[in-house]
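# A structural walkthrough
Spelled out, the chains give:
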Amino acid sequence: PLDAGNAWLIRKNLLDGTLTAVDTNLIVNGSYIHPQAINGIYLAKGSADSTSASYASNIPTYYGNVLFWYDATEVNLCTGNMTGVDINLIQGINPGGPGFVGGLISQGANRSTAVAGSLEGITIILFDPLNQPVAYAVTDVNGYFEIGNLAINTYKFYVDRLNYMVDNALAPVINVTSISPTQNNLSFLLHSTWLEQNGNVGVTESSEVVASVSVYPNPASTYLHII
């Protein structure tokens, strides 16, 4: 059983299908309870607390033992109370190392006002080339996140955010190398259906005047060379 953590109850609006987190309670010695829940359809989610010995190696997980809300098993309280809604936290396989990634997620386009909301609480999950979850971070109120103690590797940035059907097949990829182990000040735009890498935070524009620019090939189907 998890020594200390947090349990979330997420209510589904049966009219439009949107999800809203409605209750948070502590997990103590593996047990949690949401005593104020009313009849309805819910998702349940659990995570280790930062004080827990399991914090670094376990990723927030939904009931159904999945990492993303759209894969979660729904909890039906329309007919009465439910017990035995057990969650097995999914382990991140992180051998550790000198790597660090961090940056900012901003609000992208193509999203409805109903699901835009705060930039706080977006879960970033790093996956390795074998599609194994490694580590995670949750954005702060300004959309910032950071993940350290990473092995030298290539990482895909998967996103979990309520009401966003993010296509993680389009996940941005970042290389953490021995030459450049720190990938800080990364910038992303979170659209309603994909996460877009948007350069680096704090990169300044050059004021130099360019006399001439050559671009080839023209036309191009994949890459352009600019000289």
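Before any of the text, the structure's been laid out above.
Being a predicted model, the structure only gives us computed values, none of them experimental.

### Remarks on the pattern of salt bridges
- This structure, assessed with the given rule, holds two salt bridges.
- Of the charged contacts, one joins lysine 12 and glutamate 74 as a salt bridge, the two residues approaching to 2.8 Å between their closest N and O atoms. Here lysine 12 is found in strand β1 (residues 4-12), whereas its partner glutamate 74 is found in the loop between β5 (61-62) and β6 (75-76), with 62 residues between them in sequence.
- The class of lysine 12 is partly exposed, set by a relative accessible area of 25%.
- Judged by its relative accessible area of 41%, glutamate 74 is partly exposed.

### A short note on the pairing of strand β2 (residues 19-28)
- When β1 meets β2, the two strands line up antiparallel, connected through nine bridges. Bridge pairing in β2 links alanine 4 to valine 28.
- What sits between the antiparallel neighbours β1 and β2 is a turn of six residues, in which glycine 17 has the positive phi angle 80°.

### As for unusual backbone geometry
- Backbone geometry at asparagine 131 places phi at a positive 65°, although glycine is not the residue there.
- Mapped onto the elements, asparagine 131 comes out in the loop between β9 (123-127) and β10 (133-138).
- Backbone geometry places asparagine 149, a non-glycine residue, at a positive phi of 60°.
- As for its position among the elements, asparagine 149 is in strand β11 (residues 144-150).
- We classify asparagine 149 as partly exposed; its relative accessible area is 49%.

The rules behind each value
- Residues numbered from 1 in each chain as written.
- Predicted model: local features only at pLDDT ≥ 70, side-chain atom pairs only at ≥ 80, totals over all residues.
- Heavy atoms only, no water.
- Salt bridge = Lys/Arg side-chain N within 4 Å of Asp/Glu carboxyl O.
- Helix = DSSP H or I, 4+ residues; strand = E, 2+ residues; numbered from the N terminus.
- Buried < 20%, exposed > 50% of the residue type's maximum accessible area, 1.4 Å probe, protein only.
- Pairing = 2+ DSSP bridges.

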